[in-house]
Amino acid sequence: MDIMTPRQTDILALARTQGRVLVDDLAARFNVTPQTIRKDLNELCDRRLLQRVHGGAVAGSGVENLGYEARRLIAQDEKRAIGRRAAELVPDSSSLFINIGTTTEEVARALQGRSGLVVITNNINVANLLRPEPHIEVIVAGGVVRRSDGGIVGEAAIDFFNQFMADFAVIGASAIDESGALLDFDYREVRVSQAIMANARHVILVADRGKLERTAPVRIGHISQVHTFVTDVLPSGRLARICREAGVRVEELFPDRATEPEPQD
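Note that the structure is predicted; figures quoted are calculated from it, not measured.

A. Representation of the packing of helix α5 (residues 76–88) against helix α6 (residues 102–111). Where α5 contacts α6, the axes come no closer than 7 Å and their chain directions differ by 55°. The pairing of α5 with α6 is recorded here as oblique in orientation. Here the hand of the crossing between α5 and α6 comes out right-handed. On the side of α5, the interface is formed by Lys79, Arg80, Ile82, Gly83, Arg84, Ala86 and Ala87, while α6 contributes Thr102, Thr103, Glu106, Val107, Ala110 and Leu111. Taken together, the residues of the contact of α5 with α6 sort by class into six nonpolar, three polar and four charged.

B. Structural detail: the pairing of strand β9 (residues 181–184). Alternating residues of β9 divide into Ala181 and Leu183 and Leu182 and Asp184, and every residue in both groups is buried. Where strand β8 (residues 175–176) lies against β9, two bridges are found, and the strand directions are antiparallel. Bridge pairing links Ile176 to Leu182 in β9. Inspection of the sheet shows β9 paired to strand β11 (residues 218–222) by four bridges, in the antiparallel sense. By the bridge assignment for β11, Ala181 is matched with His222.

C. Seen up close, the sheet that holds strand β4 (residues 95–98). The seven strands are arranged β6-β5-β4-β7-β10-β12-β13 in an open sheet whose pairing can be described as parallel. Two strands in the sheet have a free side with no partner beyond their single neighbour: β6 (136–140) and β13 (249–252). Adjacent strand axes in the sheet meet at a mean angle of 20°, parallel and antiparallel pairs treated alike. Pairing of strand β12 (residues 228–231) with β13, which is carried by four bridges, proceeds in the parallel orientation. When the bridges of β13 are listed, Thr228 appears paired with Arg249.

D. Local environment of the nonpolar core. By size, the foremost hydrophobic cluster in this structure holds 36 residues, and its most contacted members are Phe161, Leu182, Leu205 and Phe229. Listing elements by their share of this core, those giving two or more residues are α8 (155–161), β7 (166–171), α9 (187–198), β10 (200–206), β11 and α10 (237–246). For this core, the element with the most residues is α9, which contributes five residues. By size, the runner-up hydrophobic cluster in this structure holds 21 residues, among which are Ala108, Leu130, Ile204 and Val230.

E. Expanded view of the environment of Glu245. Here Glu245 shows up in helix α10. What makes Glu245 exposed here is its relative accessible area of 63%. Sequence separation between Glu245 and Val53 is 192 residues; the distance between their C-alpha atoms is 27 Å.

F. Highlighting the packing of aromatic side chains. Scanning the model with the defined rule gives four aromatic pairs in all. Geometrically, the ring pair formed by Phe160 and Phe161 is edge-to-face, given 5.1 Å between the ring centres and 80° between the ring planes. A relative accessible area of 0% means that Phe161 is categorised as buried. The rings of Phe97, Phe160, Phe161 and Phe164 are connected pair by pair, giving a single aromatic cluster.

G. Geometry of the environment of Phe160. Mapped onto the elements of the fold, Phe160 is located in helix α8. For the pair Phe160 and Pro6, spaced 154 residues apart in sequence, the C-alpha separation works out to 51 Å.

H. Structural context of the packing of helix α1 (residues 6–18) against helix α3 (residues 34–46). Put simply, α1 and α3 touch, their axes get as near as 10 Å, and they point 70° apart. What the angle tells us is that α1 and α3 run roughly perpendicular. Here Arg7, Gln8 and Ile11 of α1 come into contact with α3, specifically with Thr36, Ile37, Asp40, Leu41, Glu43 and Leu44. Residue composition of the contact of α1 with α3, by class: four nonpolar, two polar and three charged.

I. α10, seen in detail. Taken as a whole, α10 has its buried residues at Leu239, Ile242 and Cys243. All buried residues of α10 fall inside an arc of 100° around its axis, so they share one side. Exposed and oriented more than 90 degrees from the buried face of α10 are Arg244 and Glu245. On its buried face, α10 sits against β8, β11, β12 and β13. With its phi angle positive at about 75°, Gly247 sits one or two positions after the end of α10.

J. Up close: the pairing of β10. Most of β10 sits inside the fold, with five of its seven residues counted as buried. Bridging between β7 and β10 involves five bridges; their strand directions are parallel. Following the sheet pairing, Phe168 is matched in β10 by His202. Examined bridge by bridge, β10 and β12 share three bridges and lie parallel to one another. In the strand pairing of β12, Ile204 is matched with Thr228.

About the criteria used
Residues numbered from 1 in each chain as written. Predicted model: local features only at pLDDT ≥ 70, side-chain atom pairs only at ≥ 80, totals over all residues. Heavy atoms only, no water. Axes fitted to C-alpha atoms, helices over the stretch in contact; angles between N-to-C directions. Helix = DSSP H or I, 4+ residues; strand = E, 2+ residues; numbered from the N terminus. Parallel < 35°, antiparallel > 145°, perpendicular 65-115°, else oblique. Left-handed = near helix turned anticlockwise from the far one by under 90°. Contact = heavy atoms within 4.5 Å. Nonpolar A, V, L, I, M, F, W, Y, C, P; charged D, E, K, R; others polar. Buried < 20%, exposed > 50% of the residue type's maximum accessible area, 1.4 Å probe, protein only. Pairing = 2+ DSSP bridges. Core = buried A, V, L, I, M, F, W, Y, C linked by side-chain atoms within 4.5 Å. Phe/Tyr/Trp six-rings, centres within 6.5 Å; stacked < 30°, edge-to-face > 60°. Arc of directions from axis to C-beta.

What follows is the structure in structure tokens.
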């Protein structure tokens, strides 16, 4: 295929704007069958313009992350549910780290109204969400604010987190390999996440199933370093077994969805 069809061009534009496109939504939008849309998506993925995920496709590649606003649009309901559950695991009158990410941002949103928390973060979006809370103290890492997502990274941020020992760390990852490797795109951000994990008594990983369908080049660590993994569904039997053997508590919010098959052409 040398030239994209007009429909494929429109699909690609939608994916780049929204971050993710779904087969059923596209079929209704273009008034074609789901099989036709899946063929379009497969061809776009073959050209490495999109990445296939359950039920659709996402923009981006294995070496460059999606834009922050586009990531906010992906799996919104799942991220909100994950955020609420992770927040429930953090008791009042405790300290916690929160790193950069759209899912960790949902955890912060769910912490609004809580009491006695000390939140230590390199995520400006988290700081803005929790700053007005009268019973939550927010401590923000120093350094340059990354314009793309409001994250603060670099050596100063690493040194900052090494000053603390928090009760909890709430971390996200851009991708999770079936081997259990936690992955991200920016090595500077990864080094900050590693410092966060090393200085927390209990590490909570928050990630939707889409992170198992993506890849990224830089290793944060391994899921065995996590104490609790909160996700919408964990369809990978191999990863579930790794978690079980490592003693990682898995909180699966919608386990029935693991049995939903991807329609075939």
